[in-house]
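What follows is the residue order along each chain.
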Amino acid sequence: MTGEPRSSAAQFNALADRYATSEVHRAGPSLPVLLALAAPEPADVVLDVATGTGNTALALAPQVAHVTGLDLAQAMLAHAQDRAAREGTANARFVVGSAEALPYEDGHFTLVTSRHAPHHFRQVERFLAEAFRVLAPGGRLVLADQISVSAGLQPWTDGYQRLRDPSHFAQRTVAAWQALTAAAGFRWAASEIVPYRLDFDWWTTQAGCTPQTVQALQAHAARLDSEQAREAGLHFGEAGELVAHTEPMLVVRLEKR
Ligand SMILES: C[S@@+](CC[C@H](N)C(=O)[O-])C[C@H]1O[C@@H](n2cnc3c(N)ncnc32)[C@H](O)[C@@H]1O
């Protein structure tokens, strides 16, 4: 891994088997918060954007009329389909597609979700405009995504994340999300920050990092002074090596009036 940009489809098709068994993605603490903010109803018609292996779509399915899970990576969707079949979920379907060009008519959905994915989107404004378009009036968009704690630290954070996963694009601040979602026409109804403490060995293995990339990540962490490292949520071992970091996850309910 070199840190060169890589498409999400290439990255996630290659790593689909690891994601399918990742408990952090399947059941991590942003999921119950997202479900609570979404407040799913039996009549809801749902679109889960960048559904991956279907974790959010399949958690919603028993509570709504129908769920579509959309993703760029066919290998991720194959896991979602297998899991739906295993669990006997009949009201979910999975389609290949892009967050930035949703293949649906205006007002088709009552709820749109996207979890742990918008930091990969190249054109997040397009995604927000598309989510707004495919929602019916009164519909809601519920997002869960990792955030940067400050605009000053974002370049370091994006560099750190991109070294580990070259398909990473931008880890925005809460203020940036507020501006972007307001510009798209959404009302910010409610939000929570959910901290994820991620073990460094697990985190790098999950992304298929080479020993060279692991070294580069340690060196990247060492560039911060102690105050910046604390702000970035880095945790060090006794020998000064990076052992974990805490990633704040923004979960927000946005409404289309
Ligand atoms: C970390 S996984 C998250 C999966 C899932 N939402 C979950 O909660 O477990 C990110 C997913 O985003 C997908 N993705 C990235 N960019 C995308 C885009 N522009 N359109 C659709 N899917 C995208 C990737 O293929 C990958 O499956």
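Residues numbered from 1 in each chain as written. Predicted model: local features only at pLDDT ≥ 70, side-chain atom pairs only at ≥ 80, totals over all residues. Heavy atoms only, no water.

In the annotation of an unreviewed UniProt entry, the entry for the chain reads Class I SAM-dependent methyltransferase, and the organism field reads Deinococcus navajonensis.

Student: Would you mind showing me how to read unusual backbone geometry here?
Tutor: Backbone geometry follows two general trends: most residues other than glycine have a negative phi, and most peptide bonds adopt the trans configuration. Despite not being glycine, alanine 50 has its phi angle at roughly 60 degrees, a positive value. Summarising the element assignment, alanine 50 is placed in the loop between strand E1 (45-49) and helix H4 (55-60). Of note, the phi angle at histidine 116 is positive, near 55 degrees, even though the residue is not glycine. Mapping histidine 116 onto the fold places it in the loop between strand E4 (109-115) and helix H6 (124-134). What makes histidine 116 buried here is its relative accessible area of 12%. (Helix = DSSP H or I, 4+ residues; strand = E, 2+ residues; numbered from the N terminus. Buried < 20%, exposed > 50% of the residue type's maximum accessible area, 1.4 Å probe, protein only.)

Student: Got a minute to help me understand the environment of alanine 144 in this structure?
Tutor: Positionally, alanine 144 belongs in strand E5 (residues 135-146). For the pair alanine 144 and methionine 249, spaced 105 residues apart in the sequence, the C-alpha separation amounts to 6.4 Å. Not counting residues within four places of it along the chain, the set of residues in contact with alanine 144 comprises Ser30, Leu34, Ser114, Arg115, His116, Ala117, Pro118, Leu250 and Val251. (Contact = heavy atoms within 4.5 Å.)

Student: How should I be thinking about the pairing of strand E8 (residues 242-255) in this particular structure?
Tutor: Consecutive side chains along a regular strand alternate between the two faces of the sheet. The buried count for E8 comes to 12 of 14 residues, which makes it a mostly enclosed element. Bridge analysis of E5 against E8 gives seven bridges, and the strand direction is antiparallel. Paired with leucine 141 across the strands is leucine 254, a residue of E8. In the sheet, strand E6 (residues 187-199) pairs with E8 via 12 bridges, with the strands oriented antiparallel. Bridge pairing in E8 links leucine 198 to histidine 245. The pairing of strand E7 (residues 234-236) with E8 spans three bridges and is classified as antiparallel. (Pairing = 2+ DSSP bridges.)

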